Amino acid sequence: MAGIYIHIPFCESRCIYCDFYSTTSLKWKDDYVDALCKEMELRPAIQALGDNYPIETIYLGGGTPSQLSNEHLLRIFTMLKETYGDLFSKNMEITMECNPDDITEEFCQTLKQLPVNRISMGAQTFSNERLRFLHRRHNAQEVRIAVERLRNIGINNISIDLMFGFPGENIEQWTSDIQEVISLNVEHISAYSLMYEEGTSLYRLLEQGKIEEIDEEMSRNMYDTLIQLLTKTGYEHYEISNFARPGYRSRHNSSYWHETPYIGIGAAAHSYKRIHKGGQLFATRSWNIAQLAQYIEKIEQGTLPSEKEELDINTRYNDLIATALRTSDGISIKHVEEEFGEELTRQLTSEAQKHMALGLMKIENDHLSLTPKGLYVSDDIMSDFMIV
């Protein structure tokens, strides 16, 4: 199996917490879409994926993909089909990230012309005051309207992002946000604690003493509340920050957590490739330059603006720990033995015993995973397994 990720870096305005590669220079849209299509031509599937077929997922992320025009989006999907269409699965998940206020009646007519069957929206909160604090463009009512419009055009797989841990936020306010998203009856919910990433406007406010982080106990209580309310309502808690109705896990994001190869197209996009040759596994990770003008210039010259690293066995093992342990599926001990050998398998199970004795981990059906208690110290547990 394989996936394709396409990065659309354009945003009308920048949210104060965001540290993803994005730009508010919207004048580059035409040139950027040209470059995306050219990059696809420069990345034939055999070169990009080896023998990892079929392609099961496509994901347009950002930035704000819904900032592109009808013509831009149609061109991207036409080129995807022309370049990789022979390898497409019959039952693909095709996701597009959208801002709620971009989902107008006109935009919905564009969506009807595209093969997109899953929409991911960043609601973040249903408090207009907190939305203004984040510098989000939409208001709470526009989230509700967007969901209704998507349903009307047959989009039956909708994901909504929420945030918790705002300065001064209390449990009652967070509970209200959770109840609001439950009332929308969407298929998937992602929820993240507000992070103060260095270099963001939010981090500068913290440094200047204009805002304060919530304390650790409050953050844990909010996470507890999230899990309790969503699982009680029938959502499956399948990854630390992700919840889904049965059958509606994010297949694309799950591929990142389970070593599925993918092609990354666009500025700052990452790719992952696995090839078996001569009885050995070779894995590489590559990433495009995170600078819009340079990316476009290099592509126009017929050069892939990317760097690459070969992943040795220790790096691949550490990557598995850092991703698969985030999921409810956990890590297959049999898989570790087959791919990494007996020594690393013994190391894995030996370390696991220490955490199992503390009630932080469990082994069921040959899979090692975190217990509910272990979720709260997941980073510490994962670091204990890492090879340094």
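The structure this text deals with has already been given above.
Here the residue numbers are simple positions, counted from 1 along each chain's written sequence. Under the rules for a predicted model, residues below a pLDDT of 70 receive no local features and side-chain atom pairs below 80 are neither given nor counted, while totals for whole chains, interfaces and linings still include all residues. Note that the side-chain values use all heavy atoms of the structure and ignore hydrogens as well as water.

1. With respect to the side chain of S241
Secondary structure follows DSSP: runs of H or I at least 4 residues long count as helices, runs of E at least 2 residues long count as strands, and numbering of each begins at the N terminus. Considering the arrangement of structural elements, one finds S241 in the loop between β7 (236–239) and β8 (242–244). The classification of residues rests on relative accessible area computed with a 1.4 Å probe and restricted to protein chains. Under 20% of the type maximum is buried, over 50% is exposed, and intermediate values are partly exposed. Its relative accessible area of 9% is what places S241 among the buried residues. Throughout, a contact is declared for two residues whenever any of their heavy atoms are within 4.5 Å. Not counting the four nearest positions on each side in its chain, S241 is found in contact with I189, S190, A191, Y192 and R326.

2. As for the sheet that holds strand β15 (residues 367–370)
Spatial strand order, β13-β15-β14: three strands in an open sheet with antiparallel pairing. Each edge of the open sheet is held by one strand with a lone partner, namely β13 (331–332) and β14 (361–364). For two strands to be treated as a pair, DSSP must find no fewer than two bridges joining them. Pairing of β13 with β15 involves two bridges; the strand directions are antiparallel. By the bridge assignment, I331 is partnered in β15 with L368.

3. A few points about the state of the cysteines
Only a pair of cysteine sulfur atoms within 2.5 Å qualifies as a disulfide here. The full count for this structure, using the stated rule, is zero disulfides. No disulfide involves C18; its sulfur sits 6.3 Å from the nearest other cysteine sulfur, which is in C11. Note on C18: relative accessible area 21%, which makes it partly exposed.

4. Thoughts on the packing of helix α12 (residues 313–324) against helix α13 (residues 333–340)
The description of two packed helices rests on the angle between their axes and on the distance between the axes. Look at α12 against α13: their axes get within 11 Å of each other, and the N-to-C directions meet at 165°. As the angle between them shows, α12 and α13 are arranged roughly antiparallel. As for how α12 packs across α13, the hand of that crossing is right-handed. Taking contact as the criterion, the partners of I313, R316, Y317 and L320 in α12 are, on α13, H335, V336, E339 and F340. Across the contact of α12 with α13, the residue classes tally to five nonpolar, one polar and two charged. Between the N-to-C directions of two axes lies an angle of 0 to 180 degrees, each axis being a line fitted to C-alpha atoms and, for a helix, fitted only over the stretch in contact. Note that the term roughly parallel is reserved for angles under 35 degrees, roughly antiparallel for angles over 145, roughly perpendicular for angles of 65 to 115, and oblique for everything else. We call a crossing left-handed when the near helix sits turned anticlockwise from the far one by less than a right angle, and right-handed when that turn is clockwise. Residues are grouped as follows: Ala, Val, Leu, Ile, Met, Phe, Trp, Tyr, Cys and Pro are nonpolar; Asp, Glu, Lys and Arg are charged; every other residue, Gly included, is polar.

5. Looking at the nonpolar core
We call a set of buried residues a nonpolar core when its members are Ala, Val, Leu, Ile, Met, Phe, Trp, Tyr or Cys and they connect through side-chain atoms within 4.5 Å of each other. Of all hydrophobic cores here, the largest spans 92 residues; its most connected members are I6, I119, M121, I160 and F385. If near-sequence neighbours (up to four positions away) are discounted, I160 is found in contact with M121, A123, V143, V147, V181, L184, V186, H188, I189 and S190. Counting residues in each nonpolar core, the second largest holds ten residues, with C15, I16, M163 and I211 among its members.

6. Details of the pairing of strand β2 (residues 55–62)
On any regular strand, side chains alternate: one points to one face of the sheet, the next to the other face. Among the eight residues that make up β2, eight are buried, leaving the element largely enclosed by the rest of the structure. In terms of strand pairing, strand β1 (residues 2–8) meets β2 through seven bridges, oriented parallel. Its bridge partner being in β2, H7 is matched across the sheet by G61. The path from the first strand over the helix to the second decides the hand: if it runs clockwise while the strands point away from the viewer, the crossover is right-handed. In this view, the connection linking β2 to its parallel neighbour strand β3 (residues 88–98) by way of helix α3 (residues 70–84) has right-handed handedness.

7. Some remarks on the packing of aromatic side chains
In summary, the pairing rule links any two rings of Phe, Tyr or Trp, Trp by its six-membered ring, whose centres are within 6.5 Å, and it sorts them by plane angle into stacked for under 30 degrees, edge-to-face for over 60 and tilted for everything else. Considering all chains together, one arrives at nine aromatic pairs under this definition. A ring pair is formed by Y317 and F340, whose centres lie 5.6 Å apart and whose planes are at 80°; its orientation type is edge-to-face. Here the residue Y317 occupies a position in helix α12, and F340 occupies one in helix α13, the gap between them amounting to 23 residues. Through successive ring pairs, a cluster of aromatic residues spans F10, Y32 and Y295. Look at NZ for Lys and CZ for Arg. If either is within 6 Å of the ring centre and within 35 degrees of the ring normal, a charge sits over the ring. Note that R130 overlies the ring of F166, its terminal NZ or CZ placed 5.6 Å from the centroid. Looking at R220, its charged tip hangs above the ring of Y376, at a distance of 3.9 Å from the centre.

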